[in-house]
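Observations on chain architecture
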Amino acid sequence: MQYRKDKGGSELSVLGYGCMRFTKKGSGIDMDKAEREIMAAYEAGVNYFDTAYVYSGSEAAIGEIFERNHIREKIKIATKLPQYLIGSRAAIDKYFNEELSRLRTDYVDYYLMHHMTDVAMWEKLKKIGILDWIAEKKRSGAIRNIGFSYHGNTDNFLKILSDYDWDICQIQYNYFDEFSQAGVDGLRAAAAKGVPVVIMEPLRGGKLVNMLPDAAKKVMRGSERGWSAAEWGLRWLYNQPEVTVVLSGMNSLEMVRENCRVADEARVGEFTESDFKTLAEVSAKIREKEKVGCTGCRYCMPCPKGVDIPGAFRCYNTMYIESKAAGRFQYAQTVGLTKEPAFASQCVGCGKCEQHCPQNIPIREKLKEADRALRPLPYKAGIQIARRFMFRKGRG
Ligand code: SF4
Ligand code: SF4
């Protein structure tokens with residue numbers, strides 16, 4: 001196992017254990033199997049374990065496993081505050097104390113504001129006193145490091161990043177999403193600020209393995225490297241010095257062994273021109289299934305009406321690359337549930353964006369098409385209700 005350092009100099013294994021995909025047994029987690037997998041990863045040197053309040057049964061499961069095996073002091077736990085459920089300082093305490101009790105510990109190594117998509121969410125937390133709360137918990141030692149996990153666009157990521165002296169952040173990032181969400185710009189900005197970056201969805205929830213088109217698999221097979229599809233995705237991340245930990249939601253011993261081997265072998269800067277070319281061709285093969293040939297370059301931005309143009313096209317494409325539901329969920333999450341929504345339907349047709357698009361995309365026409373597909377009536381109503389809940393005043 002290789003290690004990269006956090007802000008305070010502690011060594012974190014480059015492979016982190018994502019604790020949200022344990023195998024189920026009945027209505028709960030298969031504890032014996034989860035314990036075998038966790039302990040195999042621990043024996044191989046994994047010391048970073050990521051969970052969250054809302055990962056059903058996960059905090060309690062790892063708390064029990066760490067206690068039974070007496071390894072709490074030897075590993076780092078990252079868990080998250082469900083900030084979207086919170087409207088008062090008392091609620092922050094309630095969730096945090098419950099998490100400590102589930103995890104059978106009296107401190108959390110990395111405590112993250114979960115699922116931020118907008119700087120407005122951080123502003124709301126500040127209004128209810130999160131800054132004092134964090135200072136107090138850090139003073140008492142109940143929280144060692146503070147951070148946030150992120151799913152919005154690059155602009156909001158940069159705003160949140162620069163607003164506080166974060167110890168860590170967590171972003172979705174992989175070779176196919178290099179320019180989505182926080183993206184490579186977000187990754188590099190965090191690293192430049194000395195904020196370690198934890199990567200989630202390194203293989204797009206397994207899609208860069210299980211749902212690769214045959215043409216993309218053929219491109220990988222044509223390389224002399226002989227790497228598996230998962231290995232390509234992981235090595236692309238380890239190649240970048242700005243990446244600190246790559247999370248993998250491991251739920252088989254075979255997966256633990258393969259991921260640990262790759263984390264052991266991969267090196268920063270090992271990618272050759274030919275390797276980058278291979279992944280560019282793989283991405284191009286996946287993109288052939290897309291509806292709009294948007295590369296996410298953002299030359300068309302900002303839109304005076306606040307439309308997230310590349311965001312809308314990315315979600316529209318996800319409907320065809322993955323599934324309708326995945327694209328619609330992404331759209332609601334990254335475009336619909338920000339304080340200032342960025343729907344394609346906000347376009348007034350000024351045409352400013354089209355003058356800057358190097359791909360000559362008829363943006364106005366495609367935005368209309370995308371919004372119709374991404375937001376059928378039931379979704380429209382659902383997003384409205386969620387927005388009312390998330391942005392109502394004085395939520396407690
Ligand atoms: S045409 Fe629409 S999307 Fe493009 S800049 Fe104008 S309002 Fe924004
Ligand atoms: S300029 Fe064109 S290709 Fe670039 S993000 Fe905008 S729509 Fe996409």
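Up top is the structure.
The following paragraphs examine the structure supplied in this document.

About the criteria used
The residue count restarts for each chain, going from 1 along the sequence in the order it is written. Following the order in which they are written, the chains are lettered starting with A and the ligands numbered starting with 1. Given that this is a predicted model, residues contribute local features only at a pLDDT of at least 70 and side-chain atom pairs are listed and counted only at 80 or more, while totals for whole chains, interfaces and linings are drawn from all residues. Neither water nor hydrogens contribute to the side-chain values; these are computed over all heavy atoms in the structure. A pair of strands counts as paired when DSSP detects no fewer than two bridges linking them. Helix numbering and strand numbering both begin at the N terminus, where a helix is a DSSP run of H or I of at least 4 residues and a strand a DSSP run of E of at least 2. The axes are straight lines fitted to the C-alpha atoms, using for helices just the contacting stretch, and the angles between their N-to-C directions are given from 0 to 180°. Throughout, the term near means that a residue has one or more heavy atoms lying within 4 Å of the molecule or strand in question. Residue polarity is assigned by list, with Asp, Glu, Lys and Arg as charged and Ala, Val, Leu, Ile, Met, Phe, Trp, Tyr, Cys and Pro as nonpolar; anything else, Gly included, falls into the polar class. Only one rule defines a salt bridge in this text: a Lys or Arg side-chain nitrogen within 4 Å of an Asp or Glu carboxyl oxygen. Classification of residues uses two cut-offs on accessible area relative to the type maximum, computed with a 1.4 Å probe and protein chains only: under 20% is buried, over 50% is exposed, and between them is partly exposed. Only residues whose relative accessible area exceeds 30% and that form no salt bridge enter a patch; like-charged residues are grouped when within 9 Å of one another, and nonpolar side chains (Val, Leu, Ile, Met, Phe, Trp, Tyr) when within 5 Å. Shrake-Rupley sampling with a 1.4 Å probe provides the accessible areas, and residues are treated as covered by the protein chains on show and by no other component.

Before going further, it helps to examine the sheet that holds strand β9 (residues 143-150). Pairing is parallel around the closed barrel formed by eight strands, whose spatial order is β3-β6-β7-β8-β9-β10-β11-β12. With strand direction ignored, the average angle separating the axes of adjacent strands in the sheet is 30°. One ladder, built from three bridges, connects strand β6 (residues 48-50) with strand β7 (residues 76-81); its direction is parallel. Residue Y48 lies in a different strand from β7, and its bridge partner there is K76.

Next up on the list: the site of ligand 1. Close to ligand 1 lie C303, P304, K305, I309, C347, V348, G349, C350, G351, C353, R364 and L367. Tallied by class, residues from the shell around ligand 1 come to eight nonpolar, two polar and two charged.

Under the criterion given, the structure shown has 34 salt bridges. Two residues, R68 and E64, come together in a salt bridge whose shortest N-O distance is 3.0 Å. Of this pair, R68 and E64 are both found in helix α2 (residues 58-68), four residues apart, which corresponds to roughly one turn of the helix. On the basis of relative accessibility, which here comes to 39%, the residue R68 falls in the partly exposed class. In this structure, D177 and R204 form a salt bridge, with 2.8 Å as the shortest nitrogen-oxygen distance.

On the surface, a cluster of nonpolar side chains totalling about 220 Å² of accessible area is made up of V54, L85 and F389. Residue position: V54 is located in the loop between β6 and α2. Of the residues examined, V54 reaches a relative accessible area of 41% and is grouped as partly exposed.

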